[in-house]
Amino acid sequence: MAALATGGATPSDGATSFQRKVPASSRLAAIAGTRPSVRHGQLLLSSGLPSLDCVLGGGLAVGTLLLIEEDKYGIYSNLLFKYFLAEGIVCGHNLFVASAKEDPADILKELPAPLFDDVHKNQVDEKETAIKSKQESQESLKIAWRYQNLPKMEVSPAASARFGHYYDVSKTVSPELLKSIKWHRFFLPEVMSLHPEIKTCNMTCGYTRLLQSIQRIIYQEGFDGSYPQKKQKNILRIGIQSLGSVLWGDDICCADNPEDIYSLTKFLYVLRGLLRMSLSACIITVPAHLIQNKAIMERVTNLSDTVVGLESFIGSERETNPLYKDYQGLIHVHQIPRLNSLICDVSGTKDLAFRLKRKLFTIERLHLPPDLSDTVSRSSKQDLAESTKLLSSGCGAMAIGKKHLDF
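A few points about the overall build of the protein
- Tallying secondary structure elements over the protein gives 10 helices and 14 strands in all.
- Relative to its 407 residues, the protein shows a buried fraction of 43%.
- Contacts in the protein between residues far apart in sequence, at least 24 positions, make up 72% of those at least 6 positions apart.
- Carbon and sulfur atoms make up 54% of the accessible area of the protein, which amounts to about 24000 Å² in all.

Now the structure itself:
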């Protein structure tokens, strides 16, 4: 390949030293905490969790909506919500925090503390040293010849590329760092006490007030590009907690046929229009397991750009299952946006799980440990029936009744 010509270098192999001068106004403005996507050229920002960014194709695109389907007790979805806001504080972005059950000021005080490069590097080095020592101790072990040339399993999907920062869950962000950023709050009980109740376009009062607040901030702060030379461009991170719950005045979690069945979908439709025309990104947590009408949840999914579901092991049989002892739950990526392309930029990994360590929350590839026993013992007849169905679908009708295939 011919080398790139620069300055006064002489052209070689028919290459030319001509370089087109691009006007400064047409260049992509550098905004802190963002980077352009290699695939579709869209401006990306981090979700606050590097492993989640890798799963979503490099990060969240500016102007899009990330919908988090809450786990049963809302523990881990609330953690992802705080990661998104904490990343905005570290990058110097403006924040808009909306909630109906918790004061936004209290949410910001509970954000995880950032782990800067020197601290995280020491932790990674210690982790790699422990892994190497473990591999050296297992060099004497031999495996089947057919598996010797297979590539090693990479646990973390973000091992090859890092975007964003890491955070310590055991510590909270410092008050000095909170004072350095500009943020806006929307606490529904407080807003409803100051303003009379209104209802427009078959939308609940809480949703209407929330849209008015978001629209006012986007226009007044210049996130819509109306004041390009007034100040340096910045990103508005919008976080809405437990949207669709009873606290927001919506009854989709209480009845199969709610009174305002299109209230939430209309809110999302208008919100996406505001996001598309501004330098902003939004994360919303929704109690999907409480929504009675599944058709409503399908509409909500279609009106969102990225949809990620969390399935916690708390209270389920997998919590005591030794196969899942290293994980706290599963991650389901239901939808990824198609931006400037016909296909979405999706990770090759389908089975994802998350674990909450003492300090870090990580997303990893789900791989169960091998069964090293000579004879596989199944404890219940139900497991036998399920394995029979799986074998019959893949190997024909050979596995019927009590006949099982041994591999």
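Some thoughts on unusual backbone geometry
- Of note, Ser-242 is a non-glycine position whose phi angle comes to about 50 degrees, a positive value.
- As for its position among the elements, Ser-242 is in the loop between strand E9 (236-240) and helix H8 (263-276).

Focus on the sheet that holds strand E3 (residues 60-61)
- Pairing within the open sheet is antiparallel, and its 3 strands lie in the order E1-E2-E3. The sheet is open, and its two edges are formed by strand E1 (34-36) and E3, each paired on a single side.
- Where strand E2 (residues 43-45) and E3 come together, 2 bridges link them in antiparallel fashion. Residue pairing across strands places Leu-44 opposite Ala-61, the latter belonging to E3.

Regarding the pattern of salt bridges
- Taken as a whole, this structure holds 8 salt bridges when the rule is applied.
- With a closest N to O distance of 3.2 Å, Arg-355 and Glu-364 form a salt bridge.
- Judged by its relative accessible area of 6%, Glu-364 is buried.

Section: the side chain of Ser-77
- Position of Ser-77 relative to the elements: it lies in helix H2 (residues 75-91).
- Exposure remark for Ser-77: the relative accessible area of 2% places this residue in the buried category.
- When near neighbours in sequence (up to four residues on either side) are disregarded, Ser-77 contacts Ile-68, Glu-70, Asp-71, Thr-285 and Leu-310.

Some remarks on helix H9 (residues 294-302)
- Among the residues of H9, Ile-296, Met-297, Val-300 and Thr-301 are the ones counted as buried. The arc enclosing the buried residues of H9, seen along the axis, measures out at 140 degrees, which places them on a common side. Exposed and facing more than 90 degrees away from the buried side of H9 are Glu-298 and Asn-302.
- The N-cap of H9, judged by a side-chain oxygen 3.0 Å from the amide nitrogen of Ala-295 a few residues on, is Asn-293.

Quick look at the packing of aromatic side chains
- This model, assessed by the stated rule, comprises 9 aromatic pairs.
- Both rings, one in Tyr-76 and one in Phe-361, keep their centres 6.3 Å apart while their planes meet at 25 degrees; by these two values the pair is stacked. With Tyr-76 in helix H2 and Phe-361 in strand E14 (residues 361-365), the pair connects residues that are 285 residues apart, well separated along the chain. Per residue, the accessibility class of Tyr-76 equals that of Phe-361, and both read buried.
- One Lys or Arg, Arg-237, reaches over the ring of Phe-84 and ends 4.7 Å from the middle of that ring.

Here's the deal with the confidence of the model for the protein
- Of the residues in the protein, 68% have a pLDDT of 70 or more, and the chain-wide mean is 78.
- Overall, residues 1-13 carries pLDDT values under 50, and its contacts beyond four positions in sequence, including any with other chains, amount to 7 contacts.
- Contacts of residues 390-403 to residues separated by more than four positions or lying in other chains number 12 contacts, the stretch itself having pLDDT below 50.

Some words on the pairing of strand E4 (residues 65-69)
- Where burial is concerned, most of E4 is hidden: 5 out of the 5 residues are buried.
- Burial along E4 is two-sided: Leu-65, Leu-67 and Glu-69 facing one way and Leu-66 and Ile-68 facing the other are all buried.

Comments concerning the environment of Ala-61
- Among the structural elements, Ala-61 can be located in strand E3.
- With relative accessibility at 5%, the residue Ala-61 sits in the buried group.
- C-alpha of Ala-61 to C-alpha of Pro-36: the two residues are 25 residues apart in sequence and 9.0 Å apart in space.
- When neighbours within four sequence positions are excluded, Ala-61 is seen to be in contact with Gln-42, Leu-43, Leu-44, Ala-281 and Leu-339.

Things to note about the sheet that holds E14
- Spatial strand order, E8-E5-E9-E10-E4-E11-E12-E13-E14: 9 strands in an open sheet with mixed pairing. Two strands bound the open sheet, and with one partner strand each, they are strand E8 (183-187) and E14. Direction aside, the axes of adjacent strands within the sheet are offset by 20 degrees on average.
- Bridging between E4 and strand E10 (residues 280-286) involves 5 bridges; their strand directions are parallel. In the sheet register, Leu-66 faces E10, and the bridge partner there is Ile-283.

Description of the environment of Cys-253
- Note that Cys-253 resides in the loop between E9 and H8.
- For the pair Cys-253 and Leu-290, spaced 37 residues apart in sequence, the C-alpha to C-alpha distance is 5.2 Å.
- Ignoring anything within four residues of it in the chain, the contact list for Cys-253 reads Gly-244, Ser-245, Pro-287, Leu-290, Ile-291 and Gln-292.

Overview of the packing of H8 against H9
- One way to put it is that H8 packs onto H9 with a least axis distance of 10 Å and a crossing angle of 0 degrees. On the basis of their axis angle, the class for H8 and H9 is roughly parallel. In this structure, H8 contributes Leu-264, Thr-265, Leu-268 and Arg-272 to the contact, and H9 contributes Arg-299, Val-300 and Asn-302.
- For the contact of H8 with H9, a count of residues per class yields 3 nonpolar, 2 polar and 2 charged.

Observations concerning helix H7 (residues 205-220)
- If you check H7, its first and last C-alpha atoms are 22 Å apart, about what 16 residues at 1.5 Å a residue would give, namely 22 Å.
- For H7, the set of buried residues is Cys-205, Gly-206, Tyr-207, Thr-208, Arg-209, Leu-210, Leu-211, Ser-213, Ile-214, Ile-217 and Ile-218.
- Summarising the contacts, the buried residues of H7 are in contact with strand E5 (94-99), E8, helix H6 (188-194), E9 and H8.
- Two residues or fewer after H7 comes Gly-222, characterised by a positive phi angle close to 80 degrees.

What counts, and at which threshold
- Residues numbered from 1 in each chain as written.
- Predicted model: local features only at pLDDT ≥ 70, side-chain atom pairs only at ≥ 80, totals over all residues.
- Heavy atoms only, no water.
- Helix = DSSP H or I, 4+ residues; strand = E, 2+ residues; numbered from the N terminus.
- Buried < 20%, exposed > 50% of the residue type's maximum accessible area, 1.4 Å probe, protein only.
- Contact = heavy atoms within 4.5 Å.
- Areas by Shrake-Rupley, 256 points an atom, 1.4 Å probe, with all protein chains shown as cover.
- Pairing = 2+ DSSP bridges.
- Salt bridge = Lys/Arg side-chain N within 4 Å of Asp/Glu carboxyl O.
- Arc of directions from axis to C-beta.
- Polar contact = N/O pair within 3.5 Å; in protein donor to acceptor, adjacent residues only side chain to side chain.
- Phe/Tyr/Trp six-rings, centres within 6.5 Å; stacked < 30°, edge-to-face > 60°.
- Lys NZ or Arg CZ within 6 Å of the ring centre and 35° of its normal.
- pLDDT = per-residue confidence, 0-100.
- Axes fitted to C-alpha atoms, helices over the stretch in contact; angles between N-to-C directions.
- Parallel < 35°, antiparallel > 145°, perpendicular 65-115°, else oblique.
- Nonpolar A, V, L, I, M, F, W, Y, C, P; charged D, E, K, R; others polar.
- Expected span 1.5 Å × (residues − 1).

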